[in-house]
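Single-letter residue listing:
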Amino acid sequence: MRAAVYHGREDVRVEDIERPDGPGTDEVRVAVEACGICGSDLHEYAAGPIFIPDEGEPHPVTGETLPIPMGHEFAGEVTEVGDDVSDLSVGDQVAVNPIVYCDECRQCEAGQYHLCESGGFVGLSGGGGGLSEEVVVPEEKAVALPGSVPTEYGALVEPYSVGFHALRTSDFDAGDSVAVYGAGPIGLTVIQVLRAAGAGTIYAVEPQDSRRELAAEVGADEALSPIETDAVEYITERTDGGVDVAFEVAGIEQTVQDAVASTASGGNVTIVSIFEDSVELQPNEFVMGERTLTGTLAYQGGPRSDEEFGAVLDMFDSGALDPEALISSRIELESVVEDGFEALLDSDREEVKILVEL
């Protein structure tokens, strides 16, 4: 079968690989129909390996090292089921929850599979990848799509679940004023989920014009350019001292500092980004204002795979979330490097979410 395989930094090759064995008794085979390219995929391509296990250091759960097939935002059709599979049938459309976990550590025993001490993701840690024609995964990872949700939208359940989990992890309550720093794909999901959850005024801070416009389209009340406006001053003036909750979704020092500075005393700052470098923070900002700082990672996985994936799918089904708004391009697997990874690295292209159709 054809797959986009990661061999190293700036070395992703679309090539023939063996079809995965199985399915085992509790597994399903999925013919992938669509896969998104995530920011973490882009970091791996441009600066990795980061999460992808390098040669000589196999992933502790999968036992795999590069080269591995990429892709962890994907959906498709079940084409084969194992003997013990009870809730899925051939022909079902599913989104795959890619959380990899050991099932032995303290976090797994507590049901926090996404925080597994040896954890990872299908498509980054081994175990197949969504940029392949087929994958074989445990039944628990395959979350059935409502009939009204197109299969390609299933590939966007993963990033929206990141936004949904971020909201659940934060101190957000309906009616709260919110600032979102960064309107890339995940920032846009955060904004949409906040709007669906009944946020008060939402301020989006984003330097790129097209993404700022999109932030306004999907739910931000005001979309500010940090180049043209002092966002912290603007937000604090209009909220009588700061927002109730701020989400940092850009991954740079300045946005972390600005998110803190634009949050009211007693407020909450939730960090969604993954950082390549350390950042400087002033602890007195939290001590003197009794602010809280929260980290959020991914979404529930393992036996809880459908918990947040399922909630997002319900919101797709009801129309509370609009995944189409994020899709800027649809491409074929064979052009995933030029029209996918390279396009996302080209600031002139103004891409948001690229879907690879298989």
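Everything that follows concerns the structure shown earlier in this document.
Before going into details, it helps to say that this report is about the structure given with it.

The rules we used
- Residues numbered from 1 in each chain as written.
- Predicted model: local features only at pLDDT ≥ 70, side-chain atom pairs only at ≥ 80, totals over all residues.
- Heavy atoms only, no water.
- Pairing = 2+ DSSP bridges.
- Helix = DSSP H or I, 4+ residues; strand = E, 2+ residues; numbered from the N terminus.
- Buried < 20%, exposed > 50% of the residue type's maximum accessible area, 1.4 Å probe, protein only.
- Axes fitted to C-alpha atoms, helices over the stretch in contact; angles between N-to-C directions.
- Parallel < 35°, antiparallel > 145°, perpendicular 65-115°, else oblique.
- Left-handed = near helix turned anticlockwise from the far one by under 90°.
- Contact = heavy atoms within 4.5 Å.
- Nonpolar A, V, L, I, M, F, W, Y, C, P; charged D, E, K, R; others polar.
- Salt bridge = Lys/Arg side-chain N within 4 Å of Asp/Glu carboxyl O.

To continue, consider the pairing of strand β5 (residues 73-81). As paired strands, strand β3 (residues 27-36) and β5 are joined by 8 bridges and run antiparallel to one another. Residue pairing for β5: Val32 is matched across the bridge by Gly76. Note that β5 and strand β6 (residues 93-96) share 3 bridges and pair antiparallel. By the bridge assignment for β6, Glu77 is matched with Gln93.

Moving on, we come to the pairing of strand β18 (residues 353-357). With 4 of its 5 residues buried, β18 lies for the most part within the structure. In this structure, β3 lies alongside β18, joined through 3 bridges in antiparallel fashion. Paired with Cys35 across the bridge in β18 is Val356. With 5 bridges connecting them, strand β17 (residues 327-332) and β18 associate as parallel partners. Paired with Arg330 across the strands is Leu355, a residue of β18.

Orientation of helix α4 (residues 157-169) relative to helix α5 (residues 185-196), taken along the N-to-C sense of each, is 55°, at an axis distance of 8 Å. Considering their axes alone, α4 and α5 lie oblique with respect to each other. Here α4 runs over α5; the crossing is right-handed. Packed against α4, whose contacting residues are Pro159, Tyr160, Val162, Gly163, Phe164 and Leu167, the element α5 presents Ile186, Thr189, Val190, Gln192, Val193 and Leu194 at the interface. Partitioning the contact of α4 with α5 into residue classes produces 9 nonpolar, 3 polar and no charged.

Quick look at the pattern of salt bridges now. Taken as a whole and assessed by the stated rule, the structure comprises 18 salt bridges. A salt bridge links Arg19 to Glu134, with the shortest nitrogen-to-oxygen separation between them at 3.0 Å. A residue pair is termed long-range when its members are at least 10 positions apart, and Arg19 in the loop between β2 (11-16) and β3 and Glu134 in strand β9 (residues 134-138) qualify at 115 residues. For Glu134, a relative accessible area of 17% translates into the label buried.

Attention now moves to the packing of helix α1 (residues 39-47) against helix α11 (residues 337-345). Where α1 contacts α11, the axes come no closer than 10 Å and their chain directions differ by 90°. Between α1 and α11, the angle is such that the two are roughly perpendicular. Contacts from Asp41, Leu42, Tyr45 and Ala46 of α1 reach α11 at Val337, Phe341, Glu342, Leu344 and Leu345. Across the contact of α1 with α11, the residue classes tally to 7 nonpolar, no polar and 2 charged.

Purely geometric stuff here, so don't read any function into it on its own.
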